[in-house]
Structures are given as structure tokens and as C-alpha cells.
Amino acid sequence: MTSGDNLTPEQRFVFDYVDRNAKAIALTGDNIFYFGELGMQEFETAALMTDLLEKGGFKVERGISGFPTGFCATYGSGGPVVAIHTEYDSCPDNSQVSGVAEQKFIVEGAPGHCEGHNVNAAVLIATALAARQAMDKFGLKGTLKVFGGPAEEQLVSRPYFVRDGWFDDVDLAFHNHIGGEFSATHGVLQSALISATFTFHGETAHSGVAPWKGRDALDGVVLMDMGLAQYREHMRPEMRAHRVITNGGDQPNVIPRTAAVWWFFRDQTADGAMKLFEQAKKIAQGAALMSNTEVTVDVQSAVWPLRCNQAISELLQRHIEAVGTPEWSAEEDALARALQAKANAKIDGLKREIPPLGYLKTPRTSANDAGDISWKVPMAKFYYPSNVPNINFHHWAGGVTLAHSIAHKGAVAGSKAFAAAVVECFSNPAVLAEARRTFKEELGGVAYKSMLPADQKPPVALNRAIMDKFRPEMKKHYLKERPQFS
Ligand SMILES: [Zn+2]
């Protein structure tokens, strides 16, 4: 921790705001943890977030770009326009009890947070409210826009927001994400991704009596799978293609008339992901030919790689260093070590140091649907330490700290640095000038163009059946106490 003596008045103000509201920040994340809502079904979550923003003086537009659980909340007017955004969806089959270093279900089979998007939401709200208070206090001109992006796990919402013009007037953007350390990295962090469902159409028949009369849609799915498996030989190591069969027919004695497979295709560039997708479409056509079926393709999302602007990353790094890592207790460190041991990860407890500003030239194989924003305007993403280092997300172990003091302390630290960085965008014109200059160099002449089909509509029914099945049981675990910021 740094001594308070070196802080600017703006930093001191937002740090005090965040400390004063530490309980509300914890309760925001914890409420959303127990909502445990999957992408496109974050109704309780979005209601809580927009309610807090409205109470805090923001003007809220709900349902943006046709996303029932998406929103844009605005405070202030004129330039500069600073956008902050994050996600708040959970994952299927990861309902994990908080604070225990072993797999233990809240509701077996139910969705749950196992990455920390619940804490992302809490940090976003605290940052918005702190920055808005600081804008008033210091008479700062400009507009703060807060975007809620549904269904990050399906990479769905933010490419639609960008395509539909929600970022046309934005000057700078920030994305906050949970991690095992408190850090910022510039460069290209994450890969491009295309998400598409391939539906094969055939004809039913009695599988025992007259199978030759049927045209088996599931054969189309299986043959497409074989074709892509064969094509993997020719993929570069950084490319990825993975799938789930979302409709494999109903019962063995009826030849399936329809069958569907949902694929994700990843590569380091938008162009590369698109080429892989085009190849997959050829393979699907081949599978349809072989199985005497027809195939239709539905693009659910198409995401550019996520890049982080150098100037904004440097700004974040400065404020991260001014905040420092949380002071972890012996109990918190012991839980982290027990979890690392149980998950067969490197056992080194919680981080007590801030890494220097990182730089990545080639992206990781993960993706985030914020990628499109980062080609439209200078954007940076930072990680705050609410999870345990070396633990993989989308696994029960990723859920253990998410409604625990580790998450709470990490969220306080993250909100302080985030709010201070956002406020400096309004108080220091050099930030925007330098971000614009470096952004132009970083793009290197690549022209951004949305990869989403122009008429593509958001998949609003996504995950509805799973949430309908589990929500009644999950509701029994909702918290009674709601957050109140002051
Ligand atoms: Zn995430």
C-alpha cells in the first residue's frame, strides 16, 4: 500500500468513497453470485445494477440493441465521452458453495458463477458511482457511459452494441475483469471468435422398420464433426474449433428430422477466424451432401480480438500501483493455498505484489466479446485480484472465492483504481490525446468492420430452458439484504 500523502485530491476522494461503500460493493457481488444467471437470462442481475445506477443519478436505457438484459446508463453531458463496461453472466453446471476448498454444490446441476462476472458487476457499479460523485465534486465536464453486456460467455452482446452505433460517440473505453492478480497489460490480449449453429434438416422414419426411408439429420452433425476433426491436421496451433451438439434427436427409434451443432471458431485475427468459419461451412455442406440432408447456418456472434491501448493501460497501471494489493489475512491465504492444492495448481497463495505493466504481441486463445469495442475506440482492460492465482475458470474451484472476503477486498482495490483512472480521463486532457495518438499507431491501418451479419438478431432465448428449470431452487438461496450506496 502507498502512503496517502502522495494521492491527488481526486484519488483521495474516490478511494474514500469506495472504502465507505465497501459493504455495498460486497453485497452487490454476493447478490449476483446467488442469482447465478446464465447469459441472456440475467434479469435479476440487470435489474439490481440498473436500479443502483438510477439511484445514483444515472439515466438508464434498458434493452439496448434488442438485449433484454443489456443497458446503457449515462451521467453528464458533452465531451469527453468515457465508456466503462463489463459482463455479469454465470456458467452452466457450476453451482459452487463459497469459501470451501472442495467441490460442493449449492444446487446440483444448476448454473453458477465460476469465473467472477458477479464481482465484475460490483466493480463496475462502484466505479460508476464513485466517478460520478467525483465529477460533481471537482466540476469535471464530460459524459460517463456505463454499459452492461449480457452473455459474455457466449460472446454475444458487445459486437451488437458496436454494430448498432452505441460506441459511435465514445472517446475512450475501459473493461474490468476479475483475475488472480492486480494488473494491466497492453497489446493484443485475446483472440477473435465466431460462434455459429449448424442445423441439419432431413426426414423422419422408423429406425427399425424402414430406416432407408429416412434422411438422418444427426448423420449430418456427425459427419461435420468428422470433417472438422480431419481438418484439425491443417490448423495452426493457436486456432481452435470446439462444439456441443445442441440437438441430437429425440429417441433412437425415430430418425431425427433436425439436428444441430453449435461451434466456436477461434484464431488470432478477425480475418483468420472468418477463414476458419468459411472452411467449416464447406465441411458442413459436404456433410449435408453425404447424408442427403440440408444445412442452415446461424451466426450467433462474431468477435474481434481484444486489444488494449498503451496509453490507457499505463493510466490504469499508475492507479493500480497507487492502490496496491489488498492486505490479505492468514485465513484468506490459507484458503487460497488449500484451493490451489485441491485443484492441482501451483501453491503460492495470494499475490502481494503488483506486476509491472505487461505487453502481449500475440493473443491468448481466450476471447471476450468486448473485442469489437477495442478496435472502434482506444480501450484497455485490467484485472483486479478477487480470485485465486493459478486457478482455472469454468471449474468449481473458480467459484470458491466469489462471495468471500477475498472477492470483497479485491473488488474494493479494483474499484479504487478503476474509478481514479476514469476520473483522470475527465480531469487530464493529455490522457485522451495520448490514447488517440497511440491507438492510431496500434491499429496499423487495419480498418474495423463488424463481422456480424447486418440483419443478425440477438439470440434472446439462449439459456432460457436451463434457467427456467433451476431458478425455483436457486431462488431459495438469494440473499435477503440488498446493497445501498451512500
Ligand atoms: Zn470472463
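All of these numbers come straight from a predicted model, not from anything done at the bench.

### Re the overall build of the protein
Assigned secondary structure in the protein consists of 13 helices and 13 strands. Here the C-alpha radius of gyration of the protein, 23 Å, is about what a compact globule of 486 residues would show, namely 23 Å. C-alpha atoms of the protein, sized along the principal axes, occupy 85 × 50 × 40 Å. In the protein, once contacts between residues fewer than 6 apart in sequence are set aside, the share between residues at least 24 apart is 83%. About 19400 Å² of surface is accessible on the protein, with carbon and sulfur atoms providing 52% of the total. Each charge sign in the protein was given a centre, from 49 positive and 55 negative side chains, and these centres are 1 Å apart.

### With respect to the layout of surface pockets
The volume enclosed by the largest pocket comes to roughly 1100 Å³. Glu115, Glu153, Ser366, Phe393 and His394 are the residues nearest the centre of the largest pocket, which is lined by 43 residues in total. Taken together, the elements giving at least two residues each to the lining of the largest pocket come down to strand 5 (172-179), strand 6 (183-190), strand 8 (240-247), strand 9 (258-267) and strand 13 (379-385). Considering each element in turn, the lining of the largest pocket owes the most residues, 4 residues, to strand 9. Each residue belonging to the lining of the largest pocket can be placed in one class, and the counts come to 16 nonpolar, 18 polar and 9 charged. Estimated volume of the second largest pocket: approximately 280 Å³.

### Some words on the domain arrangement of the protein
Interfaces are often described in size by the accessible area the parts lose on coming together. Considered domain by domain, the protein is made up of domain 1 (9-191 + 305-475) and domain 2 (192-303). The C-alpha-based centres of domain 1 and domain 2 are spaced at 33 Å. Each partner contributes to the interface: domain 1 provides 24 residues, whereas domain 2 provides 19 residues. Buried area between domain 1 and domain 2, both sides added, is near 1600 Å², and the carbon and sulfur share of it is 63%.

### What about empty space enclosed by the protein?
Scanning the entire structure with this criterion turns up 2 cavities of 30 Å³ or more. In this structure, the largest cavity spans a volume of roughly 90 Å³. Tyr34, Ser95, Ile106, Pro111 and Met474 are, among the 14 residues lining the largest cavity, the residues nearest its centre. Roughly 40 Å³ of internal volume is contained in the second largest cavity. Taken together, Ile25, Ala26, Gly29, Asp30, Val119, Ala122, Leu402, Ala407, His408 and Ala411 make up the full set of residues lining the second largest cavity. Residue assignment for the lining of the second largest cavity shows that the elements contributing at least two residues are helix 2 (22-35), helix 4 (117-137) and helix 11 (405-427). The element that contributes the greatest number of residues to the lining of the second largest cavity is helix 2, accounting for 4 residues. Its residues assigned to classes, the lining of the second largest cavity shows 7 nonpolar, 2 polar and 1 charged.

### Quick look at helix 12 (residues 429-443)
Look at helix 12: 22 Å from first C-alpha to last across 15 residues, which is about the 21 Å you get at 1.5 Å a residue. Among the residues of helix 12, Val431, Leu432, Ala435, Thr438, Phe439 and Leu443 are the ones counted as buried. One side of helix 12 carries all its buried residues, which in axial view fall inside an arc of 140°. Opposite the buried face of helix 12, at more than 90 degrees from it, the exposed residues are Pro429, Lys440 and Glu441. Looking at the buried side of helix 12, the elements it contacts are strand 5, strand 11 (306-308), helix 8 (310-323), helix 10 (373-376) and helix 11. Just past helix 12, the residue Gly444 takes up positive phi, approximately 55°.

Procedures and definitions
- Residues numbered from 1 in each chain as written.
- Predicted model: local features only at pLDDT ≥ 70, side-chain atom pairs only at ≥ 80, totals over all residues.
- Heavy atoms only, no water.
- Helix = DSSP H or I, 4+ residues; strand = E, 2+ residues; numbered from the N terminus.
- Rg over C-alpha atoms; globule rule 2.2 N^0.38 Å.
- Contact = heavy atoms within 4.5 Å.
- Areas by Shrake-Rupley, 256 points an atom, 1.4 Å probe, with all protein chains shown as cover.
- Lys, Arg positive; Asp, Glu negative; His and termini not counted.
- Charge placed at Lys NZ, Arg CZ, Asp CG, Glu CD.
- 1 Å grid on protein atoms, 1.4 Å probe; cavity = no way out; pocket = protein on both sides within 12 Å on 5 of 7 lines; lining within 4 Å.
- Points joined across faces, edges and corners; volume = space filled by probe spheres on them.
- Nonpolar A, V, L, I, M, F, W, Y, C, P; charged D, E, K, R; others polar.
- Domains from an automatic or database assignment.
- Buried area = accessible area lost by both parts, 1.4 Å probe.
- Expected span 1.5 Å × (residues − 1).
- Buried < 20%, exposed > 50% of the residue type's maximum accessible area, 1.4 Å probe, protein only.
- Arc of directions from axis to C-beta.

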